[in-house]
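What the coordinates show
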Amino acid sequence: MGQFDLVVGPLLMGILLNTYLYGLVTYQFIVYYTSKFDDALWIRAIVGILFVVDTLHSCIAVYGAWETCVTNFANPAHFANVSWTIPFTACATSVAALLSQGFLAHRVLILTKNKILTGILLLLSFLGFFFGFYAGIYSGILSSVAKFGPLAPYVTCWLGFQTAADVLITGTLTYTLKNARTGFHKTDTIINRLIRGAIQTGFFASVFAIGDLFSFLLARQTYFYAMFAYPIGRIYTNTLLDTLNARNRFKKQKTGTVDVDSQANTTAFRMTDHSRTDVNQSVHVKHEIITDASDKSIDERDVKYKSDEVYQPTETLV
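Here the residue numbers are simple positions, counted from 1 along each chain's written sequence. For this predicted model, a pLDDT threshold of at least 70 governs which residues receive local features, and a threshold of 80 or more governs which side-chain atom pairs are given and counted, while totals over whole chains, interfaces and linings are taken from all residues. In computing side-chain values, all of the structure's heavy atoms are included and hydrogens and water are not.

Under an unreviewed UniProt entry, the name given to the chain is DUF6534 domain-containing protein, and the source organism is Leucocoprinus leucothites.

**A short note on the overall build of the chain**
Just so we agree on the cut-off: Runs of H or I in DSSP of at least four residues are treated as helices and runs of E of at least two as strands, each being numbered from the N terminus. Throughout, exposure labels follow a simple rule: accessible area from a 1.4 Å probe, protein chains only, divided by the maximum for the residue type, with under 20% read as buried, over 50% as exposed, and the rest as partly exposed. Here the open area of atoms and residues is found with the Shrake-Rupley method and a 1.4 Å probe, where only the protein chains shown may cover a residue.
Within the chain, the regular secondary structure consists of 10 helices and two strands. The order of α-helices and β-strands along the chain, N terminus first, is α-α-α-α-α-α-α-α-β-α-α-β. Looking at the chain as a whole, 50% of its 318 residues are labelled buried. Accessible surface, the chain: about 15,300 Å² in total, of which carbon and sulfur atoms supply 67%.

**Regarding unusual backbone geometry**
At lysine 36, a residue that is not glycine, the phi angle is positive and equals roughly 55°. Overall, lysine 36 belongs to the exposed group, its relative accessible area being 70%. A positive phi is found at lysine 113, a non-glycine position, where the angle reads about 60°. Note that lysine 113 resides in the loop between helix H3 (85-112) and helix H4 (115-142). Relative accessible area serves as the criterion here: at 56%, lysine 113 is assigned to the exposed category.

**Observations regarding the UniProt feature "transmembrane region" (unreviewed entry) in the chain**
What counts is decided by this rule: UniProt positions are given in the numbering used here, feature names are shortened, and annotations may be inferred rather than shown by experiment.
Taken from the UniProt record, the annotation "transmembrane region" (unreviewed entry) applies to residues 12-33, 45-66, 86-104, 116-138, 158-177 and 198-217. Across residues 158-177, the secondary structure splits into 100% helix and 0% strand, with the terminal C-alpha atoms separated by 29 Å. With 100% helix and 0% strand, residues 198-217 has its two end C-alpha atoms placed 29 Å apart.

**Remarks on the nonpolar core**
Test applied: Only buried residues count toward a nonpolar core, which is a set of Ala, Val, Leu, Ile, Met, Phe, Trp, Tyr and Cys residues joined through side-chain atoms within 4.5 Å. By the convention used here, residues are in contact when the closest approach between their heavy atoms is within 4.5 Å.
Residues Tyr32, Val47, Leu240 and Leu244 are the most contacted members of the largest nonpolar core, which totals 32 residues. Mapped onto this core, the elements with two or more residues apiece are helix H1 (8-35), helix H2 (41-71), H3, H4, helix H5 (152-178), helix H6 (185-218) and helix H7 (224-252). Ranked by residues supplied to this core, first place goes to H3 with eight residues. Discounting residues that sit within four places of it in the chain, valine 47 has contacts with Phe29, Tyr32, Tyr33, Leu240, Leu241 and Leu244. Residues Phe79, Ala135, Ala152 and Tyr225 belong to the second largest nonpolar core, which totals 27 residues.

**Section: a nonpolar patch on the surface**
Selection criterion: Two distance rules govern patches: like charges are joined within 9 Å, and nonpolar side chains (Val, Leu, Ile, Met, Phe, Trp, Tyr) within 5 Å, applied only to residues with over 30% relative accessible area and no salt bridge. By salt bridge we mean one thing: a side-chain nitrogen of Lys or Arg within 4 Å of a carboxyl oxygen of Asp or Glu.
On the surface, Ile199, Phe203, Phe204 and Val207 cluster together to form a nonpolar patch covering roughly 370 Å² of accessible area. Relative to the elements of secondary structure, isoleucine 199 occurs in helix H6.

**What to know about the confidence of the model for the chain**
Note the threshold: The pLDDT score gives, residue by residue, the confidence of the prediction method on a 0 to 100 scale.
In the predicted model, the chain carries a mean pLDDT of 77, and the fraction of residues at 70 or more is 77%. Mean pLDDT across the elements of the chain bottoms out in strand S2 (residues 316-317) (31) and peaks in H4 (93). Taken together, the stretch residues 296-318 has pLDDT below 50 and engages in 50 contacts with residues farther than four places along the chain or on a different chain.

**Structural notes on the packing of aromatic side chains**
Counted only if it meets this: Two aromatic rings, drawn from Phe, Tyr or Trp (for Trp, its six-membered ring), form a pair once their centres lie within 6.5 Å of each other, and the interplanar angle then sorts them: stacked below 30 degrees, edge-to-face above 60, tilted otherwise.
Taken as a whole and assessed by the stated rule, the structure comprises 20 aromatic pairs. Between phenylalanine 129 and phenylalanine 133, the aromatic rings sit 5.5 Å apart at their centres with planes inclined by 45°, giving tilted as the arrangement. In this pair, phenylalanine 129 and phenylalanine 133 both sit in helix H4, four residues apart, roughly one turn of the helix. Overall, phenylalanine 133 belongs to the partly exposed group, its relative accessible area being 31%. Relative to phenylalanine 204, the ring of phenylalanine 203 has its centre 5.4 Å away and its plane inclined at 75°; by these criteria the two rings are edge-to-face. Classification of phenylalanine 204 as partly exposed rests on a relative accessible area of 43%.

**Section: the packing of H5 against H6**
Rule in force here: Every axis in this analysis is a line fitted to C-alpha atoms, fitted for helices over the stretch in contact. Angles between the N-to-C directions lie between 0 and 180 degrees. Roughly parallel means an angle under 35 degrees; roughly antiparallel means over 145; roughly perpendicular covers 65 to 115; every other angle is labelled oblique. Note: crossing handedness is left-handed where the near helix turns anticlockwise from the far helix by less than a right angle, and right-handed where it turns clockwise. Note on residue categories: nonpolar means Ala, Val, Leu, Ile, Met, Phe, Trp, Tyr, Cys or Pro, charged means Asp, Glu, Lys or Arg, and polar means any other residue, Gly included.
Put simply, H5 and H6 touch, their axes get as near as 9 Å, and they point 165° apart. Comparing their axes, H6 and H5 come out roughly antiparallel. Read as a crossing pair, H5 and H6 show a hand that is left-handed. Here the contact of H5 with H6 is composed, by residue class, of 18 nonpolar, seven polar and three charged.

**Let's talk about the pattern of salt bridges**
All told, the structure shown has one salt bridge when counted by the stated rule. A salt bridge links aspartate 54 to arginine 234; the nearest nitrogen and oxygen atoms lie 3.0 Å apart. Here aspartate 54, found in helix H2, pairs with arginine 234, found in helix H7; they are 180 residues apart in sequence, far enough to count as distant. Taking relative accessible area as the criterion, aspartate 54 reaches 0% and is therefore assigned buried. Classification of arginine 234 as buried rests on a relative accessible area of 0%.

Next up, the structure:
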């Protein structure tokens, strides 16, 4: 193993992964703005701000690689101090997490109508943002890696609150969507995809946040934490854009209507008023998570018309 494998190696791996994810962000950004969604101005503003932050951070990350591998190629003393690109990374990641989690908390509010739960999510997200921003600025002030001891509690609070918000958002969306299942194949297929997306959203962000935390606490003399820290912000942006752009795929599958598939048609059973209510609630949940209250890309009247047309409370399906 080379002398700088645990320093330069993880740093380059993190920057390369970040650059790859930035390419995905750019593609999804183009898809979003060419799809001409009728989203509210605040949603479009969040997307624009995240793209600017990601672009700026990715350029600075590449500069960080140049500074380490070219400018200081024969200067081992460079690794004893923290480049200004690391504090900027912490601040940019905190901004990306706050905006993405705030958007997803809004989705939770639409689905659950639970203002207390939404408030807790926003509080966790804001605390993560505050401690992340503070840790980034403080690390720049400390400068020397040998002085990073006092930074540990702030980094722990930052990544701990951030991960807690991700896990709570994922758990809430999964639980709500799971209860929205109707028993009909096509409807449940869409809901299962939404559940899988919600789980993936929290899983990847949480894995990188935990990896960043433990690498910083247990291997502070290396740059292992940079391997996780650089890409986290792009993971959040990709999550948000994928959530928004997924509406294109659902519209192509005509998810604005709910049809009973051939398998359901071959099963004879009588719908009750209670079961019809459950179905209509599922349709409403599915509609809300896909379109958002401010997005008119799918007409809610079509959803209600189709659900009323298919599901009659006294009709026997044969």
